[in-house]
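Next come the chains, spelled out residue by residue.
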Amino acid sequence: MAPMGIRLSPLGVAVFCLLGLGLLYHLYSGALSSRLAAFRQRKTVDLRDLLALSMEAAVQGGWEVKRIRMEDTLEEKSKGKTKEGASEKLTKGDLNSHRKMYYLIKNTYPHIQVNSEEHEDSDGEATVWMRNIPDEVLSKIPEGKVVPAESVTVWIDPLDATQEYTENLRKYVTTMVCVAVNGEPVVGVIHKPFTGFTAWALVGGGANVAPRDSYNVNAPKVIVSRSHAGKVKGFIQQAFGNNTEIIPAGGAGYKVLALLDASDDEYEKADMYVHVTFIKKWDICAGNAILKALGGDLTTLKGEEIDYSGSEKNPGGVLATVGMDHAAVVKKLPAWESENQN
Ligand SMILES: Nc1ncnc2c1ncn2[C@@H]1O[C@H](COP(=O)(O)O)[C@@H](OP(=O)(O)O)[C@H]1O
Ligand SMILES: [Mg+2]
Ligand SMILES: [Mg+2]
Ligand SMILES: [Mg+2]
């Protein structure tokens, strides 16, 4: 009841009600948007799970790579030419491995960005990860680490060293998976289909490979590409002298393992890995994550960190080291310009 002598103006009441409604709307929409944000936040992934899934994907892809090679049914084609004019090969091994690896990851985590070197128009595979985490991972990494799904980019190379695969040079061939969080490489998996060995690491978590006891910084053995070399020889000789031992080898994954203590196969023991031509992020991300987990580095030839989000291109070359002062090595290199590539 209105107090005696006070008359309520209908206009005043209407304005009052409108203000009230406005206030309610403001409060409610705020609460709604924070609830939506909280819901989005709930789409998370555990990096230890992603490591185990990446290992499983690399192994399953590897079975296809091995089977196609054993059956000798490569159906070799060319995807075109690299910038430098080399034929970019594609085989049934690359495609079958892509299908296994890509869909295993994508079906398990539909919300994460997965970038594979290969593409395919078929309906894909109805596989999903059985959530088995290997004991060797559980024992080295007792706890998981959860990150927002939207911060993750997965890079897949279903068959690294396709050129060597076509030449039946099996030791160079790997399948690789890498997980980047906000562009930084944190999970790296390099699997060797013909020996069954899988090198893995989680940055800040653990790894099943280690650096060797020592490396030669002053007279290093440098491992380089055998089929996309460009002007790498002159580049290395300018830095370390004309007598520097240069080891040509296939595969970016293989060349990273040649810096470590892997013993599943015969590796030329290199002190650093240098690449001067154009290369893609699926070739180098897994090796970068593994080296980083071991206190090493994989950067451009100017020593810049590589951002593993966005475009797949890495035009700045590669310098990979472990167990030595990476910045000091960068200083020894000649000024790097893209014309060094050809
Ligand atoms: N100049 C270039 N352009 C495009 N890809 C290149 C390249 N140099 C190297 N790569 C790729 O990097 C990987 C390692 O190369 P290399 O054995 O010459 O060191 C290979 O991956 P794939 O075999 O997965 O295509 C190769 O195709
Ligand atoms: Mg290729
Ligand atoms: Mg590759
Ligand atoms: Mg490949």
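Residues numbered from 1 in each chain as written. Chains lettered and ligands numbered in written order. Predicted model: local features only at pLDDT ≥ 70, side-chain atom pairs only at ≥ 80, totals over all residues. Heavy atoms only, no water.

Undergrad: Hey, could you go over the coordination of the magnesium ion (ligand 3) for me, with residue numbers and the actual values?
TA: Those donors, Asp157 (OD), Asp160 (OD) and Asp283 (OD), are the protein atoms that reach the magnesium ion (ligand 3), and they lie 1.9 to 2.1 Å from it. We note that the donor set of the magnesium ion (ligand 3) lies within a single chain, spaced as D-x2-D-x122-D. Here the magnesium ion (ligand 3) and the magnesium ion (ligand 2) are spaced 5.3 Å apart. On the criterion of sequence distance, the pair formed by Asp157 in strand 6 (residues 152-160) and Asp283 in helix 8 (residues 281-293) is long-range, its members being 126 residues apart. (Donors = N, O, S within 2.8 Å, 3.2 Å for Na, K, Ca; no water. Helix = DSSP H or I, 4+ residues; strand = E, 2+ residues; numbered from the N terminus.)

Undergrad: So what's going on with the site of ligand 1? Residues and values would help.
TA: The full set close to ligand 1 counts 20 residues, and Glu84, Ser225, His228, Gly251 and Lys255 are the nearest of them. In the model, a nitrogen atom of ligand 1 is placed 3.1 Å from a nitrogen or oxygen of the His275 side chain. Protein chains shield 95% of the accessible area of ligand 1, which is 550 Å² for the free molecule. Judged by the fraction of its atoms near the pocket grid, ligand 1 is located in the largest pocket. Sorting the residues of the shell around ligand 1 by element identifies strand 6 and helix 7 (252-257) as the ones contributing at least two each. Of all the elements, strand 6 adds the most residues to the shell around ligand 1, at 3 residues. Class assignment of the residues belonging to the shell around ligand 1 gives a composition of 5 nonpolar, 9 polar and 6 charged. Residue contributions to the shell around ligand 1 reach at least three from each of two domains, namely domain 1 (44-207) and domain 2 (211-332). (Near = heavy atom within 4 Å. Polar contact = N/O pair within 3.5 Å; in protein donor to acceptor, adjacent residues only side chain to side chain. Areas by Shrake-Rupley, 256 points an atom, 1.4 Å probe, with all protein chains shown as cover. 1 Å grid on protein atoms, 1.4 Å probe; cavity = no way out; pocket = protein on both sides within 12 Å on 5 of 7 lines; lining within 4 Å. Sits in = over half its atoms within 2 Å of the grid points. Nonpolar A, V, L, I, M, F, W, Y, C, P; charged D, E, K, R; others polar. Domains from an automatic or database assignment.)

Undergrad: Report on the pairing of strand 7 (residues 174-181), specifying residues and quantitative values.
TA: With 8 of its 8 residues buried, strand 7 lies for the most part within the structure. The alternating pattern of strand 7 places Thr174, Met176, Cys178 and Ala180 on one face and Thr175, Val177, Val179 and Val181 on the opposite face, and all of these are buried. Bridging between strand 6 and strand 7 involves 7 bridges; their strand directions are antiparallel. Counted as the bridge partner of Asp160 is Thr174 from strand 7. Two elements, strand 7 and strand 8 (residues 184-191), share 7 bridges in a ladder whose sense is antiparallel. If you follow Thr175 over to strand 8, its bridge partner there is His191. Connecting strand 7 to the next strand, strand 8, in antiparallel fashion are 2 residues, including Asn182 with a positive phi near 50 degrees. (Buried < 20%, exposed > 50% of the residue type's maximum accessible area, 1.4 Å probe, protein only. Pairing = 2+ DSSP bridges.)

Undergrad: Go over helix 8, please, and point to the residues and values.
TA: With 13 residues, helix 8 extends 18 Å between its outermost C-alpha atoms, agreeing within 8% with the 18 Å of an ideal straight helix rising 1.5 Å per residue. For helix 8, a buried count of 11 out of 13 residues is recorded, marking the element as mostly surrounded by other parts of the structure. For helix 8, the complete set of buried residues consists of Lys281, Trp282, Asp283, Ile284, Cys285, Ala286, Gly287, Asn288, Ala289, Ile290 and Leu291. Two residues or fewer after helix 8 comes Gly295, characterised by a positive phi angle close to 85 degrees. (Expected span 1.5 Å × (residues − 1).)

Undergrad: Now, about the pairing of strand 9 (residues 198-202): what can you tell me, with residues and values included?
TA: Of all 5 residues making up strand 9, 5 are buried, and the element is well covered by its neighbours. By the alternation rule, side chains of strand 9 split into Thr198, Trp200 and Leu202 and Ala199 and Ala201, which are all buried. When strand 8 meets strand 9, the two strands line up antiparallel, connected through 5 bridges. Considered in strand 9, the bridge of His191 is made with Thr198. Linking two consecutive strands that pair antiparallel, namely strand 8 and strand 9, is a turn of 6 residues; a positive phi of about 85 degrees is found at Gly196 within it.

Undergrad: How would you explain the layout of surface pockets if you had to name every residue and give the values?
TA: In this structure, the largest pocket encloses a volume near 640 Å³. At the level of elements, strand 2 (77-81), strand 3 (87-90), strand 6, helix 5 (162-166), helix 7, strand 13 (272-275), strand 14 (279-280) and helix 8 are the ones that each hand at least two residues to the lining of the largest pocket. In terms of domain composition, the lining of the largest pocket takes at least three residues from each of domain 1 (44-207) and domain 2 (211-332). The computed volume of the second largest pocket comes to approximately 150 Å³. A breakdown of the residues in the lining of the second largest pocket according to their chemical character gives 7 nonpolar, 3 polar and 3 charged. (Points joined across faces, edges and corners; volume = space filled by probe spheres on them.)

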